[in-house]
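Structural overview
So you can see what is in the structure, the chains are spelled out below.
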Amino acid sequence: MNPEEENIGLDDISFDDVISGGSESTEVAEDLAIDAPEATDEELDADAEGLTESEEEEEVEEEESSEEDEEDDYEEDEEDDERSPVESTVVAEVLDKLGYETEEEYDDTPEGLIAMTQDVGKQMAEDQLDQLFENFPLVKNHLEYVLNGGDSKNFMQAYDPKLDYNQLELVEDDSRSQKGILADYFATKGHDKDFIDELLTDYEDTGKLYQKAEAARRALGKMQETSRQQLVQSQRQEKEQRETQQQEFWNGVYETIENNNEFAGITVPNREKSKFFDYISTPVTKDGRTQRDLDHAESEIETKLAIDYLMYKGFDLQKLVEKKARTSNAKSLKDRISRNEERVKSARGRQRRKSKQVDLDDLDLNF
């Protein structure tokens, strides 16, 4: 050790030397120092605002959490209510066993059970029909065709497997069948028999009969399939046209009744027009017959003949009434004359006894 270092006194050591630990320690501290900017009042206000917003968000979250807890409690109560036993009925048990649901509510009585059975029976029938139509679309097409007014025989003939070109198999050495197929094909194109026979002979001579017949068979199969598809569609369109024409007809009848007070000499009061239209137009039976149809069918033969006679005479009621009046007057006049003749004969008998002259004052000439 240096003698100088040993003689260092306390006075030689400064306060800075103790804090800094010497010059080297001072340099290290200066290197690690970070210049921190001074805070402003704006930053403080911003911090305060941020804290306030944070507190408000916490309050909102607490309120939402409380509401969710209340909703959960409410849902649990509802589930408890659903799980609570409900009084069961015979109708409900039957529906549950059958696996059907209905919009109607039925009384737990024999009548309610009958009504429920009828409704469920209809649903079961519809379900079975839907399944049947899905598995057999040909049955559905046939039923739709007939319900639209088509003839079942025409449908069955169109779908006859024996007449199905797509299912027909041609044998190469069966020239008769090949000629028949070609004849059918060219006939659909409008060619006459002589032209077809000449063409078939040419095919047979050139060895093209089987090839051409197979092509004709495929073409006829396509045409047949198209015709089958159009069969149901065309029948549906015909039904729509008939319904449109029928609607137009009854619209015309309604307008005629509303716009007129007299029909062929017969007066119809305004208060009866609506009922009269319903009488002749509204179906009252499942087959579509109206009350007018029923009354006409059940009426006496004389009533039908009277209506037919009116039609035969052109429904000219005026002439018929005048004729009836003339007939009645003539009959009345004839009766009067007959009575007067009897009185005259009686008077003549008396006159023969008293006088041969006839007293004209005794005759009733007031016709």
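Everything below is about the structure shown above.
Residues numbered from 1 in each chain as written. Predicted model: local features only at pLDDT ≥ 70, side-chain atom pairs only at ≥ 80, totals over all residues. Heavy atoms only, no water.

**As for the overall build of the chain**
The cut-off we apply is this: Each helix is a run of H or I in the DSSP string that is no shorter than four residues. Each strand is a run of E no shorter than two, and both are numbered from the N terminus. Throughout this description, buried means an accessible area under 20% of the type-specific maximum (1.4 Å probe, protein chains only), exposed means over 50%, and partly exposed covers the range between. What makes two residues a contact is simply this: any of their non-hydrogen atoms within 4.5 Å. What sets the accessible areas is the Shrake-Rupley method with a 1.4 Å probe; for residues, cover comes only from the shown protein chains.
For the chain, the count of helices and strands is 15 helices and two strands. Counting only residues that meet the buried cut, the chain has 13% of its 367 residues in that class. Counting only contacts in the chain whose residues sit at least 6 apart along the sequence, the fraction spanning at least 24 positions is 45%. With an accessible surface of roughly 30,500 Å², the chain has 48% of that area assigned to carbon and sulfur atoms.

**Some details on the pattern of salt bridges**
Stated precisely, the cut-off is as follows: Every case where a carboxyl oxygen of Asp or Glu lies within 4 Å of a side-chain nitrogen of Lys or Arg is listed as a salt bridge.
Applying the stated rule across the entire model yields eight salt bridges. Across the pair Asp 293 and Arg 292 runs a salt bridge whose closest N-O atoms are separated by 3.1 Å. Because the salt bridges share partners, they merge into one network encompassing Glu 214, Arg 217 and Arg 218.

**Points about a negative patch on the surface**
Counted only if it meets this: Residues enter patches when their relative accessible area tops 30% and they take part in no salt bridge; the joining distance is 9 Å for like charges and 5 Å for the nonpolar side chains Val, Leu, Ile, Met, Phe, Trp and Tyr. Residues scored as positive are Lys and Arg, those scored as negative are Asp and Glu, and His as well as the terminal groups of each chain are ignored. Every charge is mapped onto a representative atom, which is NZ of Lys, CZ of Arg, CG of Asp or CD of Glu.
On the surface, Glu 93, Asp 96, Asp 107, Asp 108 and Glu 111 cluster together to form a negatively charged patch. Tracing the chain through its elements places Asp 107 in the loop between helix 5 (90-98) and helix 6 (110-135). Residue Asp 107 is classed as exposed on the basis of its relative accessible area, which comes to 56%.

**With respect to a nonpolar patch on the surface**
A cluster of nonpolar side chains, contributed by Leu 129, Leu 132, Phe 136 and Val 139, occupies part of the molecular surface with about 330 Å² of accessible area. Considering the arrangement of structural elements, one finds Leu 132 in helix 6.

**Considerations on the layout of surface pockets**
Defined as follows: In the cavity and pocket records, a cavity denotes points on a 1 Å grid over the protein atoms alone where a 1.4 Å probe fits but cannot get out, a pocket denotes an open set with protein on both sides within 12 Å along at least 5 of 7 lines, and lining residues are residues with an atom within 4 Å of a point. Grid points are joined across faces, edges and corners, and a volume is the space filled by probe spheres set on the points. Each residue gets one of three labels, nonpolar for Ala, Val, Leu, Ile, Met, Phe, Trp, Tyr, Cys and Pro, charged for Asp, Glu, Lys and Arg, and polar for the others, Gly among them.
In this structure, the largest pocket encloses a volume near 460 Å³. Looking at the lining of the largest pocket, the elements with two or more residues in it are helix 12 (273-281), helix 13 (291-298) and helix 14 (301-312). It is helix 14 that contributes the most residues to the lining of the largest pocket, four residues altogether. When its residues are assigned to classes, the lining of the largest pocket shows nine nonpolar, three polar and three charged.

**Thoughts on the packing of helix 5 against helix 6**
Where we set the bar: In this description, a line fitted to the C-alpha atoms serves as the axis of each element, helices being fitted only across the stretch in contact, and the angle between N-to-C directions of two axes falls anywhere from 0 to 180 degrees. Should an angle fall under 35 degrees it is called roughly parallel, over 145 degrees roughly antiparallel, and 65 to 115 degrees roughly perpendicular, with every other angle called oblique. Take the far helix as the reference: if the near one is turned anticlockwise from it by less than a right angle, the crossing is left-handed, and if turned clockwise, right-handed.
Helix 6 packs onto helix 5 with a crossing angle of 20° between their chain directions and a minimal axis gap of 10 Å. With respect to their mutual orientation, helix 5 and helix 6 come out roughly parallel. The two elements helix 5 and helix 6 meet at a crossing, and its hand is right-handed. For the pair helix 5 and helix 6, contact is made by Val 91, Val 94, Leu 95 and Leu 98 and by Leu 113, Met 116 and Val 120, respectively. Along the lines of polarity and charge, the residues of the contact of helix 5 with helix 6 split into seven nonpolar, no polar and no charged.

**Focus: the nonpolar core**
The test is simple: Nonpolar cores were defined as sets of buried Ala, Val, Leu, Ile, Met, Phe, Trp, Tyr and Cys residues, with membership established by side-chain atoms within 4.5 Å.
Residues Ile 181, Leu 182, Phe 186, Leu 200 and Tyr 203 are the most contacted members of the largest nonpolar core, which totals 13 residues. For this core, the elements supplying multiple residues, two or more each, are helix 9 (175-188), helix 10 (193-205) and helix 11 (209-259). Those residues in contact with Leu 200 that sit more than four places away from it in its chain are Lys 179, Leu 182 and Leu 209. Membership of the second largest hydrophobic core comes to six residues, among which are Val 91, Leu 95, Tyr 106 and Val 120.

**Focus on the packing of helix 9 against helix 11**
At a minimum axis distance of 8 Å, the contact between helix 9 and helix 11 shows a crossing angle of 50°. By the criterion of interaxial angle, the relationship of helix 9 to helix 11 is oblique. When you trace helix 9 past helix 11, the crossing you get is left-handed. In this structure, helix 9 contributes Ser 175, Gln 178, Lys 179, Ile 181, Leu 182, Asp 184, Tyr 185 and Thr 188 to the contact, and helix 11 contributes Leu 209, Tyr 210, Lys 212, Ala 213, Ala 216, Arg 217, Ala 219, Leu 220 and Met 223. Tallied by class, residues from the contact of helix 9 with helix 11 come to 10 nonpolar, three polar and four charged.

**Quick notes on the environment of Leu 129**
Note that Leu 129 resides in helix 6. Take Leu 129: its relative accessible area is 39%, and that puts it in the partly exposed class. Sequence separation between Leu 129 and Lys 140 is 11 residues, and the spatial gap between their C-alpha atoms is 8.9 Å.

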